Amino acid sequence: MPVGKRRERLKHILLFLAIVLALTPVCALVYQKSPHVVRAVTLWLHSHSTPDIKTAEAAKPPANGSFEAAVRLFDTAVATEGGLTARSAGGDTLHYSIRDDLQKRVHDFMAQKQVPFGVFVAIEPSTGRILAMTSYSSVDPQWVQSSFFDLYPMASLFKIITASAALENKKITPETVVEFRGRPYSENPRYWDISPRGNNSRMDVGYALGKSINPVYGRVASDIAGKASVMEYVRKFGFNQSLLPGVPVKESKAGEPQTDRALMLMGAGLDHEVKISPLHAAVIMGAIANQGRMMAPTLTDRVVDAAGGNKEEHKPRELRRLVSPETAASLTRMLSNTVTRGTSRRAFHDRRGRPMLAGIDIAAKTGSIDGTDPKGHYSWFAAYAPAHEPRIALVALVINQDRWKIKSSQVGEQALEEFFRK
């Protein structure tokens, strides 16, 4: 190489080293002050120099039999005589616990009604086997992919936790009468405290649960159970913790109320920041149906290897006890009011008042609240049936927007009709 070119090259190298030395302290300072900026640049570089992360993950052989593997392969599952099955990259066959007829009935109903957002989960209470897990959106098809595991305002489903805290501590029975002021569906605790002069409204807590009476459960939380007890059962029911290891579900959230009125709002199911996933809600309903025992959810009954041998078989596993069998029985009595004379009576009776599912007792709870992610009015329906010998527990969530399509209780009715059809 000529001398002139060597000198030119050496000059460029020295200039480059000088720039690096000069920028090193600056880069360190930027990282200390704004690590998220550096991370953003790193992620951008990674995304432009490597294959798509999701594509790479999908190409990996799944952890056979795990919940996450079953979720990854869910869209590829096909109906067979034995139910739904899917084949892994390693040649294993996953046999799902899903009842295809139930899942199809619910999905087709939501699609027919063109719900903006709808999600449904059904579980076998005694085993944790997931019998259906489907969703639909006429607004955002991408939403359906994580709808089972994302968080939404819990609304009046929280009244079940309020009732559990009071029942477990022997503060109430299903027949306990609570006095209150304000309209039954009032959302302002300012008007709920009883008047010492009398003329207060009165209602037993069992009927109030079926009718979802806000002042009653606001007062149960504040004046009967108390904050410490309510928060104890928030924890027992699995909030603010990783409850389902191996399941891609977000942790349900419930912050501690800082004022008495905030506790009332929480107890009545009016705290918008108390959030739960449909899967977690279904697991809770399954636990109450199972005499208070919460079972680990599963999507697969068994995994068969390429040679036809059983590689993994589902064995029911108890996660924890939520409430005593006595409290679970009391909740069942209280929740049975929802369908017979409460907020879901219309969905389960024809125009002449005759039950659509004759001979099947249903324990249920509804919830209704406005939300922002996605924006709309949230309608919950959670149930199990038959109420005293439960074979199915389910949760439906429908988010309506400008115009109401259907209520979640209608989804629940369709599901139960299909389930008990055979």
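In the block above lies the structure referred to throughout.
In this text the structure is predicted, and so the values were computed from the model without any measurement.

A.B. asks: Where do I start with the environment of Thr-343 in this structure?
C.D. replies: Mapped onto the fold, Thr-343 is located in the loop between helix H13 (337-341) and strand S14 (363-372). Take Thr-343: its relative accessible area is 32%, and that puts it in the partly exposed class. Residues Thr-343 and Thr-366, spaced 23 residues apart in sequence, show a C-alpha to C-alpha distance of 6.9 Å.

A.B. asks: Any chance you could explain the sheet that holds strand S3 (residues 93-96) here in plain terms?
C.D. replies: Strands belonging to one sheet form pairs held by backbone hydrogen bonds; the direction of such a pair is parallel or antiparallel. Pairing is antiparallel across the open sheet formed by five strands, whose spatial order is S1-S2-S3-S11-S12. Pairing within the sheet leaves two strands with one partner each, and these edge strands are strand S1 (78-80) and strand S12 (310-313). Adjacent strand axes in the sheet meet at a mean angle of 30° when their direction is disregarded. Where S3 lies against strand S11 (residues 300-304), four bridges are found, and the strand directions are antiparallel. When the sheet's bridge partners are listed, Thr-93 is paired in S11 with Val-304.

A.B. asks: What am I meant to see in the pattern of salt bridges here?
C.D. replies: For side chains bearing opposite charge, pairing can occur when the charged atoms are close. Considering all chains together, one arrives at 16 salt bridges under this definition. One salt bridge connects Arg-333 with Glu-175, and the closest N-O pair in it is separated by 2.0 Å. Here Glu-175 lies in the loop between helix H6 (159-168) and strand S7 (177-180) and Arg-333 lies in helix H12 (residues 325-335), a separation of 158 residues in the sequence. Residue classification places Arg-333 among the partly exposed residues on the basis of a relative accessible area of 44%. Note that Arg-219 and Asp-223 form a salt bridge whose closest N and O atoms lie 3.0 Å from each other. Of the two residues, Arg-219 and Asp-223 are both situated in helix H8 (residues 214-225); the distance of four residues between them amounts to about one turn of the helix. Accessibility expressed as a relative area gives 12% for Arg-219, which makes it buried.

A.B. asks: Explanation requested: the side chain of Asn-214 in the structure shown.
C.D. replies: Mapped onto the secondary structure, Asn-214 falls in helix H8. Residue classification places Asn-214 among the buried residues on the basis of a relative accessible area of 5%. Residue contacts for Asn-214: discarding those within four places in its chain leaves Ser-156, Lys-159, Pro-184, Tyr-185, Ser-186, Glu-187, Trp-192, Ala-268 and Leu-270.

A.B. asks: Quick question: what am I supposed to make of the nonpolar core here?
C.D. replies: A general tendency of soluble globular proteins is for nonpolar side chains to be buried together. If you look at the biggest cluster of nonpolar residues, it comprises 87 residues, and the most contacted ones within it are Tyr-96, Val-216, Tyr-217, Phe-239, Leu-279 and Trp-380. No other element matches helix H11 (residues 278-289), which puts nine residues into this core. Once you skip the residues sitting within four places of it in the chain, Leu-279 turns out to touch Phe-67, Val-121, Ile-123, Ile-130, Phe-148, Phe-149, Leu-244 and Val-247. In terms of nonpolar packing, the next biggest core, distinct from the first, is built from 29 residues, Ala-132, Ile-362, Ala-383 and Ala-396 among them.

A.B. asks: Got a minute to help me understand the packing of aromatic side chains in this structure?
C.D. replies: Both the distance between ring centres and the angle between the ring planes are used here to describe each pair of aromatic rings. Overall, the coordinates contain eight aromatic pairs when judged by the stated rule. Between Tyr-152 and Tyr-378, the aromatic rings sit 6.2 Å apart at their centres with planes inclined by 45°, giving tilted as the arrangement. With a gap of 226 residues between them, Tyr-152 in strand S6 (residues 152-153) and Tyr-378 in strand S15 (residues 375-385) connect regions that are remote in the sequence. Three or more aromatic residues joined by ring pairs form one cluster here, namely Phe-117, Trp-143, Tyr-152 and Tyr-378.

A.B. asks: Would you mind going over the sheet that holds strand S5 (residues 130-136) with me for this structure?
C.D. replies: In spatial order, the strands read S5-S4-S16-S15-S14; together these five strands make up an open sheet with antiparallel pairing. Across the chains shown, the open sheet's two edge strands, defined by having one partner strand only, are S5 and S14. Adjacent strand axes in the sheet meet at a mean angle of 10° when their direction is disregarded. The sheet contact formed by S15 and strand S16 (residues 392-400) spans nine bridges and is antiparallel.

A.B. asks: When you look at H11 in this model, what are you seeing that I'm missing?
C.D. replies: The periodicity of an α-helix, 3.6 residues per turn, causes residues three or four positions apart to be oriented the same way. Taking 1.5 Å as the rise per residue, H11 with 12 residues should run 16 Å; its terminal C-alpha atoms sit 16 Å apart, in good agreement. Listed as buried for H11 are Pro-278, Leu-279, His-280, Ala-281, Ala-282, Val-283, Ile-284, Met-285, Gly-286, Ala-287, Ile-288 and Ala-289. Of the residues flanking the end of H11, it is Gln-291, one or two places downstream, whose phi is positive at about 60°.

A.B. asks: I'm lost on the packing of H8 against helix H10 (residues 260-268) in this one. Help?
C.D. replies: Helix packing for two helices is described by the angle between their axes and how far apart those axes are. For the pair H8 and H10, the least separation of the axes is 7 Å and the interaxial angle reads 125°. Classified by the angle their axes make, H8 and H10 are oblique. In this structure, H8 crosses over H10, and the sense of that crossing is right-handed. Within the contact between the two elements, H8 uses Asn-214, Tyr-217, Gly-218, Arg-219, Ala-221, Ser-222 and Asp-223 and H10 uses Asp-260, Leu-263, Met-264, Gly-267 and Ala-268. Of the residues in the contact of H8 with H10, the class split is five nonpolar, four polar and three charged.

A.B. asks: Could you clarify how one ought to interpret unusual backbone geometry in this entry?
C.D. replies: Here the residue pair Asp-373 and Pro-374 is connected by a cis peptide bond, since its omega of 0° sits within 30 degrees of zero. In this fold, Pro-374 is placed in the loop between S14 and S15. Here Ala-385 and Pro-386 are connected by a cis peptide whose omega angle stands at -15°. With respect to the helices and strands, the residue Pro-386 is situated in the loop between S15 and S16.

A.B. asks: Help me understand the pairing of S15 in this model?
C.D. replies: Consecutive side chains of a regular strand alternate in pointing toward one face of the sheet and then the other. For S15, the buried fraction is high: 10 of the 11 residues fall into the buried class. In this antiparallel pair of consecutive strands, S14 and S15, the connection spans two residues. Taking the residues that link successive antiparallel strands as the turn, the S15-S16 hairpin has six residues.

Here is what the cut-offs are and how they apply
- Residues numbered from 1 in each chain as written.
- Predicted model: local features only at pLDDT ≥ 70, side-chain atom pairs only at ≥ 80, totals over all residues.
- Heavy atoms only, no water.
- Helix = DSSP H or I, 4+ residues; strand = E, 2+ residues; numbered from the N terminus.
- Buried < 20%, exposed > 50% of the residue type's maximum accessible area, 1.4 Å probe, protein only.
- Pairing = 2+ DSSP bridges.
- Axes fitted to C-alpha atoms, helices over the stretch in contact; angles between N-to-C directions.
- Salt bridge = Lys/Arg side-chain N within 4 Å of Asp/Glu carboxyl O.
- Contact = heavy atoms within 4.5 Å.
- Core = buried A, V, L, I, M, F, W, Y, C linked by side-chain atoms within 4.5 Å.
- Phe/Tyr/Trp six-rings, centres within 6.5 Å; stacked < 30°, edge-to-face > 60°.
- Expected span 1.5 Å × (residues − 1).
- Parallel < 35°, antiparallel > 145°, perpendicular 65-115°, else oblique.
- Left-handed = near helix turned anticlockwise from the far one by under 90°.
- Nonpolar A, V, L, I, M, F, W, Y, C, P; charged D, E, K, R; others polar.

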